[in-house]
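Single-letter residue listing:
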There are 2 protein chains.
Amino acid sequence: MMYPVKRLLIGRPLKSTELGEQKLSKTKALAILSSDALSSVAYGPEQILIVLITISAAAFWYSIPIAIGVLVLLTALILSYRQIIFAYPHGGGAYVVSKNNLGVNSGLIAGGSLLVDYILTVAVSVSAGTDAITSAFPALHTHNVLIAIIFVILLTILNLRGVTESASVLAYPVYLFVLTLLILIGVGLFNIATGVVPSNLHTPIGTPVAGISLFLLLKAFASGSSALTGVEAISNAIPNFKEPAPKNAAKTLTFMGGLLAVLFSGIIFLSYYYGIAPSEKVTVVSQIAEETFGRNFMYFIIQGTTALILILAANTGYTAFPLLAVNLAKDKFIPRMFTIRGDRLGYSNGIIFLAISSILLIIVFEGKTEHLIPLYAVGVFIPFTLSQTGMVVKWVREKPKDWVRKLSINALGALICFIVTWMFFITKFTQVWPVLVFIPAIMFIFHRIKNHYEAVGSQLRITEDHPAVAIEGNVIIVPVAGITRVVENSLNYAKSLSANQIIAVYVAFEREDEKKFEEKWNKWQPDVRLVTLHSQYRSIIQPLTKFVDIVQHKASEANYGVTVIIPQFLPKKGWQHILHNQSSILIRAFLLFRRDVIITTVPYHLKK
Amino acid sequence: MMYPVKRLLIGRPLKSTELGEQKLSKTKALAILSSDALSSVAYGPEQILIVLITISAAAFWYSIPIAIGVLVLLTALILSYRQIIFAYPHGGGAYVVSKNNLGVNSGLIAGGSLLVDYILTVAVSVSAGTDAITSAFPALHTHNVLIAIIFVILLTILNLRGVTESASVLAYPVYLFVLTLLILIGVGLFNIATGVVPSNLHTPIGTPVAGISLFLLLKAFASGSSALTGVEAISNAIPNFKEPAPKNAAKTLTFMGGLLAVLFSGIIFLSYYYGIAPSEKVTVVSQIAEETFGRNFMYFIIQGTTALILILAANTGYTAFPLLAVNLAKDKFIPRMFTIRGDRLGYSNGIIFLAISSILLIIVFEGKTEHLIPLYAVGVFIPFTLSQTGMVVKWVREKPKDWVRKLSINALGALICFIVTWMFFITKFTQVWPVLVFIPAIMFIFHRIKNHYEAVGSQLRITEDHPAVAIEGNVIIVPVAGITRVVENSLNYAKSLSANQIIAVYVAFEREDEKKFEEKWNKWQPDVRLVTLHSQYRSIIQPLTKFVDIVQHKASEANYGVTVIIPQFLPKKGWQHILHNQSSILIRAFLLFRRDVIITTVPYHLKK
């Protein structure tokens, strides 16, 4: 029943050999991997102004030097990540780089924070986008959580259909967003150049401002840096690119960096020049759009594409999370199931896990995930710092051609990221402290899982020194509930196995019942030994287990195996299962997990 | 891990022989079986006034003749049900009576409406009680649903502990409620007699009222009759009484009827005399209490016990539902599991089913279950009518001593109940129409289940004409995922079974892997034939199923059985299961449900 629904939603299964066709061109890759970074333009500049307004509107000119700082950081990151892409062409980003150069635990810190971060990305961006939409249609506001969950489910289905298909769908809104913002910036600058905008709306750069402090400027810078989350996504997703993958990825990264720089500085400059103050109700981008176009068609296009890009930013998480999970799973730090490709060749378990986790986050925070943003930003800058540091170590260790230049780029990147990380801890400790709890917790879980896999591996390996003991014979126990075809069927099978002994076991709740059954049995199957057990607590499992234990104790002395044959009749339709006491399923589960006996299920399929 | 928690909550398991000690004395039975009926006093009189006030306060005097009508109905019901108790001393009430005298479908209509009704009882009374409590503590109001669910869970635990224990706990609040109301009525009447209360608060009986209509009076009467829900509970629960059960049950019923009559007419009279009008915010009982005592200690005691009794009214559902379910399950109309006694000898499946259903109702209606009351009342009067009619048929058919008197009592009861049922449909159709949907739906389900059980029975019965075909030999298939101890273990077992053929099957996802594995295998187990299958869609189940089908086709020609031996390693701790791809479980489930092969699981318990 579920099968056709699945086919309709995610399409026909693909052969393993069709993997090559699922690779991304640069234009498509840009669309699905940069939506997170580009969407930050919609809130990054605002974050800076929100900090500055705590002093006064006069302090707004500081947004220009702060933006320059953010651009320097962006440049350093793009250059550093280009180097990472070429050094690690199989992807994995911060996790692989940190693990290989700084050791396993650094890798796990980077990988763990990124895993959590991608979940936060999905929850935060979908909630923000939903908020933007329901602000336009207030009647929908009470259904925020539900709408956000529906968006997550839609993105999940899109990603389960496969990378290229989601790229084809998502490319339009992403490019439309870039285009409309470019038009906005262009028209805005034209207006300023032609003098349409009065030049007295802002305080000139350099105006002294009372009460400004280094702490405040650092806080504003850290807030602005949150616009850079998402730039690492491309380095994680190199395997998704068409060949030559690293080269295409590097070009895409550079192009994205350029776009991000243009949009970010354009918005910052316009908001400074227009003297725009952050407001609870209207976003900065929306204010700029209104100043520039008035409330006309263009204004609504910008509002619409902004809402859309916020939701699509979640897609970066969908692309990067499963690939990172594969790397962690291959190293046995998370369950192996994350390495399995689904019907459409995507790592569907990762996609589904991401979807469920982010839906849970949305529900728990009732769709109000804004205060997760700093947490999310710090979760990005920790792996940024670690991977850049890892690259520094790598260059020092390998000393390739031109290594001093490469080293200085990564060293600069590492330093800035390290400073930004600290700024978050210093200026927003009340919001980012959970990182200090969940990173150790995740590390602990990673190691527990790894230890388990290694313990299992060593126990399953066949070694010469412990050859398996051959089984000399078999005792078969058949629990019976009555005299029926199902039991007859199972006994027939037991007899065909030429076992050393067959014992039928009947559990009676009442004394009279016991005798009656024995008489009937002896008439029906005189050649099969029947043991009846009395259960005064109306449990079948307890007396049966006790009996199995006794038999097994004797059997093991003779190197005999004990097999419990469970007769099970299977109704024709699924719903009918609830009409039958599931004793056979319970008995099987109990014996299998707690005792060392072999369990055989003899099915009896009902025909009507 | 769950076991000690279960023991703590519901106590040690009881032996089947301890059943007798779980029987109820009359005082305890009254407490747990009449809480529903008695609690109706808290809202029944109010329901009458709510209808009358739609005309004017002058119409309030009609509450007196309406109350007399309700008392007549109550008397008829009590007398009729006494006769039912003696005629059907094994309980079952409306279901058994209707089925035996009017036919199976009438029985099912009665049984089905009562089943649904008990679920409604629990949801409605707990919600009402919670409302009463949170009205006193407005801060709790937003948590209404949660609090109601907690109360349902508490009642469930209490009932899982056993009938006598819940009776011991619940007796105090029930009797306290009765006592406080008796004091209230006593003091009120004393005040009236001594002239403390002015006699001009009410319009005299017989005052002409403009706009009064028969329709309205009928509606008020139907509303007042909702105070009589719950009187059938005792007749369902006769098996819970101490011997002589029918006699004790009849006495309890009569006593309850008396109490109900006194409380109901007392409240009605006081509210009439005090000229009390129904209000959104303050209940009628609460207004009477305030008039009588002022806002002192006694007032709050009455408020508190009223809230409590509303919640405890749910307990009637807990006592009657499982017993009714047993009767339906014995006749195979609902799943057999409802006939199983739990650890404490209660029918725990019925109790748990009732709890889950009513919690769902509370969640769906967000705790606002008031508008379910008419639905619930009509769901009571349909079985009332059917059972009385059934008794009439019985007396006519059997003509025992004194049958004319017996017949007239039941005939009167049937007639009044029939009229009340019609009144509900005529005056409150918009609220009671769902009955017309869910009763046919339930009947359909009942019959589907019955048909299934009968089909199963006939298929399982051993008949002479179709002797089972003996199995001539066995082919064993062992799916293998690698060369490990788990596989070795399974092969050892397969070899010990002296099968005609053992085939190991390996599913490869890549061509190179296939050859490599074959080479390794032939070195390791040269005597076991290996078949490798290629899976281009990365599914193990599909190619394996296909292969099993081919083998089975050949095997069946020679009357051979096909056994699939599934090696399964079992990690030491439960959480570790999620770390392993559950292929063995999936393969087993798929083959067992879809194919006619025997499935053997050979466990390999990991030691660390």
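Our structure's up above, just so we're on the same page.
None of the values given here were measured: they were computed from a predicted structure. (Residues numbered from 1 in each chain as written. Chains lettered and ligands numbered in written order. Predicted model: local features only at pLDDT ≥ 70, side-chain atom pairs only at ≥ 80, totals over all residues. Heavy atoms only, no water.)

**Student:** In this structure, what is going on with the relation of the copies chain B and chain A? I would like to understand it.
**Tutor:** Between chain B and chain A, the superposition needs a rotation of 179 degrees and an axial shift of 0.0 Å, giving an RMSD of 0.2 Å. Both chain copies can therefore be described as sitting about a two-fold axis. Relative to the rotation axis, the C-alpha of T600 of chain B is the closest in chain B, positioned 2.0 Å from it. When the interface residues of chain B are mapped onto chain A, 100% of them are again interface residues, pointing to one common binding face. (Least-squares fit on C-alpha atoms with pLDDT ≥ 70 in both. Contact = heavy atoms within 4.5 Å.)

**Student:** Even after reading the chapter, I still don't get the packing of aromatic side chains, so can you show me in this structure?
**Tutor:** Centre distance and the angle of the planes are the two values used to describe a pair of aromatic rings. According to the stated counting rule, one finds 28 aromatic pairs over all chains in the structure shown. Between the aromatic rings of W61 of chain B and Y62 of chain B, the centroid separation amounts to 3.9 Å while the plane-to-plane angle is 25 degrees, which identifies the pairing as stacked. Note on accessibility: W61 of chain B and Y62 of chain B belong to one class, buried. Between Y81 of chain B and F384 of chain B, the aromatic rings sit 5.7 Å apart at their centres with planes inclined by 65 degrees, giving edge-to-face as the arrangement. In this pair, Y81 of chain B sits in helix α4 (residues 63–87) while F384 of chain B sits in helix α16 (residues 373–398), placing the two residues 303 residues apart along the sequence. When sorted by exposure, Y81 of chain B lands in the same class as F384 of chain B, which is buried. Through pairs of rings, three or more aromatic residues link up here, namely Y81, F381, F384 and F424 of chain A. Directly above the ring of W403 of chain B sits K399 of chain B, whose terminal nitrogen or CZ lies 5.5 Å from the centroid. A cation over an aromatic ring shows up here: K450 of chain B above the ring of F333 of chain B, its NZ or CZ 4.8 Å from the ring centre. (Phe/Tyr/Trp six-rings, centres within 6.5 Å; stacked < 30°, edge-to-face > 60°. Buried < 20%, exposed > 50% of the residue type's maximum accessible area, 1.4 Å probe, protein only. Helix = DSSP H or I, 4+ residues; strand = E, 2+ residues; numbered from the N terminus. Lys NZ or Arg CZ within 6 Å of the ring centre and 35° of its normal.)

**Student:** Looking at this structure, how should I read the interface of chain B and chain A?
**Tutor:** The parts lose accessible area when they come together, and the size of an interface is often stated as this lost area. On the chain A side, the residues contacting the 75 residues of chain B number 76 residues. For the pair chain B and chain A, the two sides together bury roughly 6500 Å², of which 55% comes from carbon and sulfur. Three residues, Q459, R485 and R538 of chain B, lead the burial of chain B against chain A; their summed loss comes to 11% of the area buried on that side. Viewed at the interface, chain A and chain B are joined by zero salt bridges. Looking at the side of chain B that touches chain A, the element that brings in the most residues is helix α19 (residues 434–460) of chain B, giving nine residues. Residue classes in the side of chain B that touches chain A are distributed as 37 nonpolar, 22 polar and 16 charged. Where strand β5 (residues 598–605) of chain A meets strand β5 (residues 598–605) of chain B, three bridges bridge the pair, whose relative direction is antiparallel. Along β5 of chain B, the bridge assignment pairs T600 of chain A with T600 of chain B. (Buried area = accessible area lost by both parts, 1.4 Å probe. Salt bridge = Lys/Arg side-chain N within 4 Å of Asp/Glu carboxyl O. Nonpolar A, V, L, I, M, F, W, Y, C, P; charged D, E, K, R; others polar. Pairing = 2+ DSSP bridges.)

**Student:** Would you explain the packing of helix α7 (residues 144–161) of chain B against helix α8 (residues 163–193) of chain B in this entry?
**Tutor:** A pair of packed helices can be characterised by two numbers: the angle between their axes and the separation between those axes. All names here are of chain B. Put simply, α7 and α8 touch, their axes get as near as 6 Å, and they point 130 degrees apart. Our classification of the angle between α7 and α8 gives oblique. Contact residues: α7 offers L158, N159 and R161, while α8 offers E165, S166, V169 and L170. Looking at the contact of α7 with α8 residue by residue, the class counts come to three nonpolar, two polar and two charged. (Axes fitted to C-alpha atoms, helices over the stretch in contact; angles between N-to-C directions. Parallel < 35°, antiparallel > 145°, perpendicular 65-115°, else oblique.)

**Student:** I would appreciate a short explanation of the sheet that holds strand β3 (residues 529–534) of chain B in the present structure.
**Tutor:** Whenever strands of a sheet pair, they do so through backbone hydrogen bonds, lying parallel or antiparallel. Read across the open sheet, the 10 strands follow the order β3(A)-β2(A)-β1(A)-β4(A)-β5(A)-β5(B)-β4(B)-β1(B)-β2(B)-β3(B); overall the sheet is mixed. Only two strands of the sheet have a single neighbouring strand rather than two, namely β3 (529–534) of chain A together with β3 of chain B. Neighbour to neighbour, the strand axes of the sheet diverge by 25 degrees on average, direction disregarded. Bridging between strand β4 (residues 560–570) of chain A and β5 of chain A involves eight bridges; their strand directions are parallel. Considered in β5 of chain A, the bridge of P567 of chain A is made with V602 of chain A.

**Student:** Just to check I follow, could you spell out empty space enclosed by the protein for this structure?
**Tutor:** Regions of empty space are outlined by a rolling probe, equal in size to a water molecule, passed over the atoms. All names here are of chain B. By the definition in use, this model includes one cavity of 30 Å³ or more. As a volume, the largest cavity reaches approximately 40 Å³. S127, T130, D131, N144, V145, A148 and G367 together form the lining of the largest cavity. Breaking the lining of the largest cavity down by element, the ones donating at least two residues are α6 (104–136) and α7. Of the residues in the lining of the largest cavity, the class split is two nonpolar, four polar and one charged. (1 Å grid on protein atoms, 1.4 Å probe; cavity = no way out; pocket = protein on both sides within 12 Å on 5 of 7 lines; lining within 4 Å. Points joined across faces, edges and corners; volume = space filled by probe spheres on them.)

**Student:** Explain the pairing of strand β1 (residues 473–479) of chain A to me, please; I cannot follow it from the model alone.
**Tutor:** Each regular strand displays side chains that alternate between the two surfaces of the sheet. All names here are of chain A. Within β1, seven of the seven residues are buried, leaving the element largely enclosed by the surrounding structure. Sheet topology places β1 next to strand β2 (residues 501–508); five bridges connect them, and they run parallel. Bridging from a neighbouring strand, I476 pairs with I502 of β2. For the crossover from β1 across helix α21 (residues 485–496) to β2, the handedness is right-handed. (Right-handed = clockwise from strand over helix to strand, strands pointing away.)

**Student:** Would you mind going over a nonpolar patch on the surface with me for this structure?
**Tutor:** Residues and elements named next belong to chain A. On the surface, a cluster of nonpolar side chains totalling about 610 Å² of accessible area is made up of F215, L415, F418, I419, W422 and I426. Among the elements that make up the nonpolar patch, the one with the highest residue count is helix α18 (residues 403–427) (five residues). Inspection of the secondary structure puts L415 in helix α18. (Patch = residues over 30% accessible without salt bridge, like charges linked within 9 Å, V, L, I, M, F, W, Y side chains within 5 Å. Areas by Shrake-Rupley, 256 points an atom, 1.4 Å probe, with all protein chains shown as cover.)

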